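Geometric and topological summary
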Amino acid sequence: MDGKAIASEIKAEISREVSAMTAPPSLAVVIVGDDPASKIYVGNKRKACAETGIKSLLYELPEDTPQKDLLGLIEALNASPEVSGILVQLPLPGHISEPDVLTAISPDKDVDGFHPANAGRLMIGQAKFPPCTPAGIVELIKRSGVTISGKRAVVVGRSVNVGKPAALMLLAENATVTVCHSRTRDLADVTREADILVVALGKPRFITADMVKPGAAVIDVGIHRLGGGKLCGDVDFEAVREVAGDISPVPGGVGLMTVAMLMKNTLAAARL
Ligand code: GUN
């Protein structure tokens, strides 16, 4: 499953829509501190903005920024007619409450879809801003020509930002969904039932070939840096590719789709 090609296709579609608008959408990106991974992610998001004609506004705050200052910035961005979407890069430093910050973002500018109002809308099938990674997973599956309806989907991982919403979105696409996690007994017996296997548990190369049904579509959401700087996912790619019907690589899979879906949500926010 070619996340790079599919994400490019989506960005080209967005770029066409943006160029037909009188004013381009704008995305405010807020980063607190110097986490190196976060800096790379923010750089990738801003690059995608440039590719699609979306204006990006960067707010880099020091690690020791008081929570009230961050909340003050969010309040100003909420009120600004120049700002279509707001993204606060996670994780935040330990002295700042992530729920407090995410809840302060206007639900109408919450392009990550992390505000409780948007999580609730997803739950009732009325999502305005579907969270970017799960939306990217579903889009990658569909545009790879894999039918979801009626299939058995297994999601490994139950995180708030990926596993749980991915399960809801696959359910909305009429899959029969099972969610597994660290306490699941006989995990391999469950994963072997999957026609569509979504892996987001955060352990390098955890899913091995014997855990995968022949012909299954395997979507790898993990990303890990191995010694020597090489990247890998939660799936043992070289072994599992021999068994799977379709498989998403790391890098070149879900990560690029996440960023493409962020552009899509920013366009939707501007239209709103
Ligand atoms: N950190 C890791 N992934 C994400 C994401 O999708 N959004 C934000 N805001 N922070 C992240």
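Scroll up to find the structure this text is about.
The structure reproduced in this document is the subject of the present report. Per chain, the residues get numbers from 1 upward, laid out in the order the sequence is written. Per-residue local features are limited, in this predicted model, to residues with pLDDT of at least 70; the limit for side-chain atom pairs, both in listing and counting, is 80 or more; totals at the level of whole chains, interfaces and linings are taken over all residues. Heavy atoms from the whole structure form the basis of all side-chain values; hydrogens and water molecules are not counted.

1. Things to note about helix 1 (residues 3-19)
Strands are runs of DSSP state E lasting at least two residues, helices are runs of H or I lasting at least four, and both sets are numbered from the N terminus onward. How far a helix is expected to stretch is found by multiplying one less than its residue total by 1.5 Å. Compared with the 24 Å implied by 1.5 Å per residue over 17 residues, the 24 Å span of helix 1 between its first and last C-alpha is a close match. Residue exposure (1.4 Å probe, protein chains only): buried if accessible area is under 20% of the type maximum, exposed if over 50%, otherwise partly exposed. Every buried residue of helix 1 is listed here: G3, I6, A7, I10, K11, I14 and V18. All buried residues of helix 1 project into a common sector of 135 degrees when viewed along the axis, lining one side. Exposed side of helix 1, more than 90 degrees from the buried face: R16 and S19 are the residues found there. Throughout, a contact is declared for two residues whenever any of their heavy atoms are within 4.5 Å. Buried residues along helix 1 sit in contact with helix 2 (36-52), helix 6 (132-143) and helix 10 (254-271). We define a polar contact as two N or O atoms separated by no more than 3.5 Å, with the added condition that, inside protein, one atom must be a possible hydrogen donor and the other a possible acceptor, whereas residues neighbouring each other in sequence contribute only through side-chain atom pairs. The N-cap residue of helix 1 is D2: its side-chain oxygen and the backbone nitrogen of K4 are 3.2 Å apart. Picture the helix axis, draw a direction to every C-beta atom, and the arc is the one those directions span.

2. Considerations on the packing of helix 1 against helix 6
Only the stretch in contact is used when fitting a helix axis, every axis being a line fitted to C-alpha atoms; angles between N-to-C directions are given from 0 to 180 degrees. At a minimum axis separation of 10 Å, helix 1 and helix 6 run at an interaxial angle of 105 degrees. When the interaxial angle is binned, helix 1 and helix 6 end up roughly perpendicular. Contacts between helix 1 and helix 6 pair G3, I6, E9, I10 and E13 from the former with E139, L140 and R143 from the latter. Lys, Arg, Asp and Glu make up the charged group, whereas Ala, Val, Leu, Ile, Met, Phe, Trp, Tyr, Cys and Pro make up the nonpolar group; the residues left over, Gly among them, are polar. When the residues that make up the contact of helix 1 with helix 6 are grouped by side-chain class, the tally is three nonpolar, one polar and four charged. Orientation labels follow simple angle bins: below 35 degrees gives roughly parallel, above 145 gives roughly antiparallel, 65 to 115 gives roughly perpendicular, and whatever is left gives oblique.

3. Observations regarding helix 10
Spanning 18 residues, helix 10 covers 26 Å between terminal C-alpha atoms, matching the ideal 26 Å at 1.5 Å per step. Among all positions of helix 10, only V254, M257, T258, V259, A260, M261, L262, M263, N265, T266, L267 and A269 are buried.

4. With respect to the layout of surface pockets
In the cavity and pocket records, a cavity denotes points on a 1 Å grid over the protein atoms alone where a 1.4 Å probe fits but cannot get out, a pocket denotes an open set with protein on both sides within 12 Å along at least 5 of 7 lines, and lining residues are residues with an atom within 4 Å of a point. Grid points are joined across faces, edges and corners, and a volume is the space filled by probe spheres set on the points. Computed from the structure, the second largest pocket encloses a volume of approximately 520 Å³. If you go around the second largest pocket, you meet 24 residues; those closest to its centre are F114, A119, V160, N161 and P165. Only helix 4 (98-104), helix 5 (116-123), helix 7 (163-172) and strand 5 (176-180) provide two or more residues apiece to the lining of the second largest pocket. By residue number, the principal contributor to the lining of the second largest pocket is helix 5, which donates six residues.

5. A look at the pattern of salt bridges
In the sections that follow, a salt bridge refers to a side-chain nitrogen of Lys or Arg positioned within 4 Å of a carboxyl oxygen of Asp or Glu. On inspection of all chains with the given rule, the structure shows 13 salt bridges. A salt bridge links K47 to E51; the nearest nitrogen and oxygen atoms lie 3.5 Å apart. Placement of the pair is K47 and E51 together in helix 2, with a separation of four residues, close to one helical turn. For K47, a relative accessible area of 53% puts it in the exposed group. You can call E51 partly exposed: its relative accessible area is 39%. For the salt bridge of D108 with K128, the shortest nitrogen-to-oxygen distance reads 3.0 Å. With a gap of 20 residues between them, D108 in the loop between helix 4 and helix 5 and K128 in the loop between helix 5 and helix 6 connect regions that are remote in the sequence.

6. Quick look at the environment of D110
With respect to the helices and strands, the residue D110 is situated in the loop between helix 4 and helix 5. When the C-alpha positions of D110 and V218 are compared, they lie 29 Å apart, and in sequence the two are 108 residues distant. Leaving out residues up to four positions away in the same chain, D110 has contacts with I86, I105, H115, N118 and F129. There is a polar contact of 2.7 Å between the side chain of D110 and the side chain of N118.

7. Topic: the sheet that holds strand 3 (residues 85-88)
Across the sheet, which stays open at both edges, the three strands sit in the order 2-1-3 with parallel pairing between neighbours. With one partner strand each, in any of the chains shown, strand 2 (55-61) and strand 3 form the two edges of the open sheet. Shown here is a sheet whose adjacent strand axes are inclined to one another by a mean of 15 degrees, direction ignored. Its contacts with the sheet place helix 2 against strand 1 (26-32), strand 2 and strand 3, and it is angled at close to 170 degrees to strand 1. When DSSP finds two or more bridges between a pair of strands, those strands are recorded as paired.

8. Observations regarding the side chain of S84
Turning to its location among the elements, S84 is positioned in the loop between helix 3 (67-79) and strand 3. Polar side-chain contacts of S84 include one of 2.8 Å to the backbone nitrogen of S26. The contacts of S84, once residues within four sequence positions are left out, are P25, S26, D108, K109, T266, A269 and A270.

9. Description of the site of the ligand
For the ligand, the full set of nearby residues is K45, L87, V88, Q89, L90, D112 and F114. L90 is positioned with one of its backbone polar atoms (N or O) 2.9 Å from a nitrogen atom of the ligand. In the model, a nitrogen atom of the ligand is placed 2.6 Å from a nitrogen or oxygen of the D112 side chain. Accessible surface area values rest on a Shrake-Rupley calculation with a 1.4 Å probe, where residue burial reflects the displayed protein chains alone. Contact with the protein chains hides 75% of the accessible area of the ligand, taken as 280 Å² for the molecule alone. Class assignment for the residues of the shell around the ligand results in four nonpolar, one polar and two charged. Here, proximity means that at least one heavy atom of the residue falls within 4 Å of the molecule or strand.

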